[in-house]
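# Overview (structure and organization)
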Amino acid sequence: QEMPTLSEVLEERVMLSVVTVEGDDPPAGNPAQGDVNPTEIEHFLLPTDQATDTVTLTFDQGTPIPTADIVFIVDESGSMAGEHAWIADMVTDLEAALEAEGILNNQFALIGYLAEGRLIGGWGDADALVTAASSLTTNGGTEDGYDGIDEALDQLTFRSTAAKHFILITDEDR
């Protein structure tokens, strides 16, 4: 019996998809990108043939999950007692709103200030900030929000992947 020609063999194949390639140029399309091994698989199978290949895909971690480092910088002058009480409810609501938007693993810190800033509560979750807020004092005196901001920048280390937020709570100009 005669051997079939290449065109006869090709006509007998069961094709899952057909790509026409003219010349030596590979077809335009969706080439493998990233860490894919192998980058290309090619089989010429007859209807009774089988082939098995292992393909390894390593996906990029992609965009990190949004997260935030939030510092509350709070005026501790005598006129601020109402605002101090407000912080506990507000931070819990803020955390819930952030999480509802997919902003997770947030951390909070608390700085109080009068003549100078003082770290009251270092990085922690919303509940830790609520606890730390009970240590805020109300005294007379001269206060400047820049002192609190300076203390935050000196005392806290921010995560590189987190959005950084400073919330200044005062009844002064700054």
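Residues numbered from 1 in each chain as written. Predicted model: local features only at pLDDT ≥ 70, side-chain atom pairs only at ≥ 80, totals over all residues. Heavy atoms only, no water.

The buried fraction of strand 4 (residues 107–113) is high, at seven of seven residues. Residues Gln107, Ala109, Ile111 and Tyr113 of strand 4 are buried on one face, and the alternating residues Phe108, Leu110 and Gly112, pointing to the opposite face, are buried as well. Bridge analysis of strand 3 (residues 68–75) against strand 4 gives seven bridges, and the strand direction is parallel. Each residue of the ladder has a partner; that of Val74, found in strand 4, is Gly112. Handedness of the crossover joining strand 3 and strand 4 through helix 2 (residues 81–100) is recorded here as right-handed. (Buried < 20%, exposed > 50% of the residue type's maximum accessible area, 1.4 Å probe, protein only. Helix = DSSP H or I, 4+ residues; strand = E, 2+ residues; numbered from the N terminus. Pairing = 2+ DSSP bridges. Right-handed = clockwise from strand over helix to strand, strands pointing away.)

Each aromatic ring pair is characterised by the separation of its centres together with the angle its planes make. One pass over the structure, following the stated rule, counts three aromatic pairs. Of the aromatic side chains, those joined through ring pairs into one cluster are Trp123, Phe158 and Phe166. (Phe/Tyr/Trp six-rings, centres within 6.5 Å; stacked < 30°, edge-to-face > 60°.)

As a further point, take helix 3 (residues 126–133). Within the span of helix 3, buried status applies to Ala126, Leu129, Ala132 and Ala133. All buried residues of helix 3 lie within an arc of 120° about the axis, which places them on one face of the element. Helix 3 presents Asp127 and Thr131 as exposed residues on the side facing more than 90 degrees away from its buried surface. At its buried positions, helix 3 is contacted by strand 3, helix 2, strand 4 and strand 5 (117–124). Measuring from the backbone nitrogen of Asp127 back to the side-chain oxygen at the start of helix 3 gives 3.2 Å, which picks out Asp125 as the cap. (Arc of directions from axis to C-beta. Contact = heavy atoms within 4.5 Å. Polar contact = N/O pair within 3.5 Å; in protein donor to acceptor, adjacent residues only side chain to side chain.)

Attention now goes to the nonpolar core. Phe72, Val74, Ile87, Phe108, Leu110, Leu129 and Leu136 are the most contacted members of the largest nonpolar core, which totals 18 residues. Elements with a contribution of two residues or more to this core: strand 3, helix 2, strand 4 and helix 3. One finds Val71, Ile73, Tyr113 and Leu156 within the second-largest nonpolar core, a separate group that totals seven residues. (Core = buried A, V, L, I, M, F, W, Y, C linked by side-chain atoms within 4.5 Å.)

Moving on, we get to the pairing of strand 3. Of all eight residues that make up strand 3, eight are buried, and the element is covered over most of its length. Where burial is concerned, the two faces of strand 3 agree: the one with Ala68, Ile70, Phe72 and Val74 and the one with Asp69, Val71, Ile73 and Asp75 are both buried. Direction of pairing for strand 3 relative to strand 6 (residues 163–169): parallel, over a ladder of seven bridges. Within strand 6, the residue paired with Ala68 across the bridge is Ala163.

This part covers the confidence of the model for the protein chain. Any segment with low pLDDT has predicted coordinates that should not be analysed in fine detail. For the protein chain, per-residue confidence averages 81 on the pLDDT scale, and 72% of positions sit at 70 or higher. This model gives residues 12–22 a pLDDT under 50, and the stretch forms seven contacts once residues within four places in sequence are excluded. (pLDDT = per-residue confidence, 0-100.)

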